[in-house]
Amino acid sequence: MNQRYYSFSQFLKDKFGFKVYKIPIDAGFTCPTRDGTLGYSGCTYCNAQSFSLPTFLAYRQTGRTKTSVYDQIQYGKKLLERKSTKFLAYFQPYTNTYADVKFLKKVYDEALLDPDIVGLCIGTRPDCVPDEVLDLIESYAKKCQVWLEYGLQSIHNKTLLRINRGHNFAQFKDAIKRTRNRNIFICVHIILGLPDETKKDMLETVKTLAKMDIDGIKIHHLQVIKSTNLAKDFEKKEFKTLSIEEYIPLVSDIIELLPPNITIQRLVGEVLEDDMLIAPKWNLTKSEIVSRIEQELTRRNFFQGLKFKNLKNNVLKPKF
Ligand code: SF4
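Keep in mind that this is a model prediction, so the values were computed, not measured.

1. Remarks on the environment of F18
By the element assignment, F18 lies in the loop between α1 (8–16) and β1 (20–25). C-alpha separation for the pair F18 and A111, spaced 93 residues apart in sequence, amounts to 20 Å. Leave out the neighbours within four places in its chain, and F18 touches L12, K13 and K86.

Okay, structure coming up:
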C-alpha cells in the first residue's frame, strides 16, 4: 500500500490488474421506509432527488429515467470510456435487494449481458437480505466480483430511531453474519455528524465495524438537504452539522482505527449542489476535501491501521 489508506481504486487494481470504474444504475427499486411497509417518509436525511451522480444527471437529461439496466450501462460506458474498459455495475439508489428474487435475477442478469461488466455492487439495507436473496447474489460470484453495500450509518439504536432507518443494529449484525461466510464482499456505509451523536459515538461505530468481518467502508458526512424531515429538525436548531475543521481530523482518526485490509471506498459524501443543500456549506469540492484529509494524515505521519489493535484480522482474505 503506497497510500496512507487502502483506497478502492487500489483494491480494484490489486484484484484486476487494471483500472475499473463503477457505473451507477437506477433499476427502479423503492425502500420499506418509503412504500408503506415501514413508513412513507424514508430516512430523515434522504431526498431521492439527491441521487444525482454525474452519470444519472446526464442520463436523465436525455429524458430517460427508469429505462433498461443495459441501456444505462451503455450510457455510463460512453461517459467513462476514456478512463477504463471494464466496469462494475453499481445498483445504487434505494434498496436494490427489495423485490422478489425473480425480478432481482432479471436486473442483475441484464447488467452482466455486457461483457465489460466485471462485477456487481448492490446497495441495500440490513433488513432486506433474506437468505434466498443472498443465495442469488452469491451465485454471481462464480463469474464476477460481487459486493453488497449495507447502509448502516451508526451502530447506535437511538440514532437509527432518530433518523428513521427502520432497522436496528441487531438486524445489521444478523445480516453480516449471514453474508460473511459467502463469496460476497461486504461494504458498510456510515454517516458522520448524525443528530445527537458525539465524537465518542462515531468512533464507537468505527471500532465496532473494525472488529467485524467486513471488506470495505464508505464514510459520508451528514448533509441537510431541502425537503427532508432532517431539514425541519435543522431549522428547529435541534442539531448542528460538522464543520470542515471538525471533519478532517475526525476522518483521520477513523482511518487510523480501521484495519489495513478494509478498503475505504469513500472519505466524504457526494457534495451536493448548492440549491439542494442547506448545510454544511464548506465551499470545497469533494477532491479538495479528500486532499485535506490526505494532508492531515501526512502531517500526522499516520497510516490506516496504525491504531487497530486486533491484528489477527490483519490479513487480506482470499475471497475472490
Ligand atoms: S434506505 Fe436509503 S434510499 Fe431508502 S429512504 Fe433510507 S437512505 Fe433513502
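Anyway, onward from the coordinates.
2. Here's the deal with the site of the ligand
Around the ligand, a shell composed of 11 residues is seen, among which C31, R34, C43, C46 and Y94 lie nearest. Here the residues of the shell around the ligand sort into six nonpolar, two polar and three charged.

3. Brief notes about the sheet that holds strand β3 (residues 117–124)
Strands sit in the order β1-β2-β3-β4-β5-β6-β8 across an open sheet of seven strands; the sheet is parallel. With one partner strand each, in any of the chains shown, β1 and β8 (263–266) form the two edges of the open sheet. Each strand axis lies, on average, 25° off the axis of its neighbour in the sheet, ignoring direction. Both strand β2 (residues 86–91) and β3 contribute to a ladder of five bridges, which runs parallel. Within the sheet, the bridge partner assigned to L88 lies in β3 and is G119. Contacts from helix α8 (residues 199–210) reach β4 (145–153), β5 (185–192) and β6 (216–221) within the one sheet, and its direction differs from that of β5 by about 175°.

4. What to know about the nonpolar core
Side chains of a nonpolar character, in soluble globular proteins, are inclined to be buried together. Core analysis: the largest hydrophobic core is formed by 68 residues, its most contacted members being F91, Y108 and L192. Leave out the neighbours within four places in its chain, and F91 touches I25, A27, V69, N96, V107, Y108, A111, L120, C121, I122 and G123.

5. A few points about the packing of helix α3 (residues 69–80) against helix α4 (residues 101–111)
Where α3 contacts α4, the two axes come as close as 8 Å, and the packing angle between them is 30°. It follows from the interaxial angle that α3 and α4 lie roughly parallel. Between α3 and α4 the crossing geometry is right-handed. Contact with α3, carried on its side by V69, Y70 and I73, involves V107, E110 and A111 of α4 and no other residues of that element. Of the residues assigned to the contact of α3 with α4, the class counts are five nonpolar, no polar and one charged.

6. Structural notes on the packing of α8 against helix α10 (residues 244–257)
It is at 10 Å that the axes of α8 and α10 come closest, and there the two elements cross at 25°. By the angle between their axes, α8 is roughly parallel relative to α10. In this structure, α8 crosses over α10, and the sense of that crossing is right-handed. For the pair α8 and α10, contact is made by K199, M202, L203, V206, K207 and A210 and by L250, D253, I254 and L257, respectively. Across the contact of α8 with α10, the residue classes tally to seven nonpolar, no polar and three charged.

7. Comments concerning the pattern of salt bridges
On inspection of all chains with the given rule, the structure shows 26 salt bridges. Note that D131 is salt-bridged to R178, the shortest N-O span being 2.8 Å. Here the residue D131 occupies a position in helix α5 (residues 131–139), and R178 occupies one in helix α7 (residues 169–180), the gap between them amounting to 47 residues. Here R299 makes a salt bridge to E296, at a shortest N to O gap of 3.0 Å. Of this pair, R299 and E296 both sit in helix α11 (residues 286–300), three residues apart, which is roughly one turn of that helix. Taking the relative accessible area as the measure of exposure, R299 reaches 61% and is therefore exposed. Within this structure, K199, D253, E256, E296, R299, R300 and K307 form a network of salt bridges that share partners.

Conventions adopted
Residues numbered from 1 in each chain as written. Predicted model: local features only at pLDDT ≥ 70, side-chain atom pairs only at ≥ 80, totals over all residues. Heavy atoms only, no water. Helix = DSSP H or I, 4+ residues; strand = E, 2+ residues; numbered from the N terminus. Contact = heavy atoms within 4.5 Å. Near = heavy atom within 4 Å. Nonpolar A, V, L, I, M, F, W, Y, C, P; charged D, E, K, R; others polar. Pairing = 2+ DSSP bridges. Axes fitted to C-alpha atoms, helices over the stretch in contact; angles between N-to-C directions. Core = buried A, V, L, I, M, F, W, Y, C linked by side-chain atoms within 4.5 Å. Buried < 20%, exposed > 50% of the residue type's maximum accessible area, 1.4 Å probe, protein only. Parallel < 35°, antiparallel > 145°, perpendicular 65-115°, else oblique. Left-handed = near helix turned anticlockwise from the far one by under 90°. Salt bridge = Lys/Arg side-chain N within 4 Å of Asp/Glu carboxyl O.

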